Amino acid sequence: RDHRADAQFYHAIYSHGLDLLVNYRPEGALLDVGCSSGTFLKLAESKGFEVTGLEINSEEAADARSRGLRVQEVDLLSLEDSSKFDVICFWDVFEHLKFPHQILRAASSLLLEDGVLLLQIPSADALSARVLREHCNMFDGLEHVALYTHQSIRQCLERNDFEILEVVDVIDDAAALENFLNYEDPYSGSFTGSLSDVFSADFILGNNFGYKMQIVARKR
């Protein structure tokens, strides 16, 4: 999943998350879990963070290192406890993890005092999930082994001694909704626009119906 193929989209979504993050931790050592080829790491580095990535896909890890990034081919549980970070990020990774509580406890042990988590995950509260149901890309049982609502991710984080600082919905998925209601493939790439007043981005994102959540949480 080399994000450079969709550079404009990922630059926008990563920039949005970074803008949230710097309100609470504007600098320091940052770890990106599942960093792929390092697109987010390069952006965070340009903002002054000291960045490290974890990526178990050897090809993507090598690609990231070719961009001058420090990337280890291990998972979070295998990282040495001597490593400490101000920020740990999970970009579209947390929903793939079978043991989220274990991962959060490991993240907590690697964070410095008042360290911060940044998560981006699909939202099971999403309007597109409610409408498309089994046709929604979110319900990919092969990869998405755990899905969260706003309430359940809050409970998960609080259970593992994280305090949520901010939650923002992103990606309205209005095009998929409209295509589906026009009897078309939701993800065909075409977009007619005739229902745009019904499925406005402001309404979807403003009412916690976005396709994904970006969450900033602090270690207690």
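Check the entry above for the structure.
What you see is a predicted model; the values in this text were computed from it and never measured.

What counts, and at which threshold
- Residues numbered from 1 in each chain as written.
- Predicted model: local features only at pLDDT ≥ 70, side-chain atom pairs only at ≥ 80, totals over all residues.
- Heavy atoms only, no water.
- Axes fitted to C-alpha atoms, helices over the stretch in contact; angles between N-to-C directions.
- Helix = DSSP H or I, 4+ residues; strand = E, 2+ residues; numbered from the N terminus.
- Parallel < 35°, antiparallel > 145°, perpendicular 65-115°, else oblique.
- Left-handed = near helix turned anticlockwise from the far one by under 90°.
- Contact = heavy atoms within 4.5 Å.
- Nonpolar A, V, L, I, M, F, W, Y, C, P; charged D, E, K, R; others polar.
- Buried < 20%, exposed > 50% of the residue type's maximum accessible area, 1.4 Å probe, protein only.
- Phe/Tyr/Trp six-rings, centres within 6.5 Å; stacked < 30°, edge-to-face > 60°.

All right, on to the packing of helix 1 (residues 7-22) against helix 2 (residues 39-46) then. Remark: helix 1 packs on helix 2, axes separated minimally by 10 Å, with the N-to-C direction vectors making an angle of 50°. With respect to each other, helix 1 and helix 2 are oriented oblique. Along this stretch, helix 1 crosses helix 2, giving a crossing that reads as right-handed. Judged by residue contacts, His11, Tyr14, Ser15 and Leu18 of helix 1 engage Thr39, Phe40, Leu43 and Ala44 from helix 2. In terms of residue class, the contact of helix 1 with helix 2 is made up of five nonpolar, three polar and no charged.

Turning to helix 7 (residues 174-181), a few remarks are in order. The complete set of buried residues in helix 7 reads Ala174, Ala176, Leu177, Glu178 and Asn179. Each element contacted by the buried residues of helix 7 is listed here: helix 5 (127-132) and helix 8 (201-206). Directly after helix 7, the chain includes tyrosine 183, whose backbone phi takes a positive value near 65°.

So, on to the packing of helix 4 (residues 100-110) against helix 6 (residues 150-159). In the contact formed by helix 4 and helix 6, the axes pass within 9 Å of each other and the chain directions differ by 50°. As judged from the angle between their axes, helix 4 and helix 6 are oblique. Here helix 4 runs over helix 6; the crossing is right-handed. Taken together, the residues of helix 6 that come into contact with helix 4 (itself represented by Pro100, His101 and Leu104) are Cys156, Leu157 and Arg159.

Per the counting criterion, the structure on display carries eight aromatic pairs. When the centroid spacing of 4.7 Å and the interplanar angle of 75° are considered together, the rings of tyrosine 14 and tryptophan 91 count as edge-to-face. Here the residue tyrosine 14 occupies a position in helix 1, and tryptophan 91 occupies one in strand 4 (residues 85-91), the gap between them amounting to 77 residues. With a relative accessible area of 3%, tyrosine 14 lands in the buried category. You can call tryptophan 91 buried: its relative accessible area is 3%. Ring geometry for phenylalanine 40 and tryptophan 91: centres 5.1 Å apart, planes at 50°, overall tilted. Highlighted residues: phenylalanine 40 in helix 2 and tryptophan 91 in strand 4, separated in sequence by 51 residues. Across the pair, exposure class does not vary: phenylalanine 40 and tryptophan 91 are buried alike.

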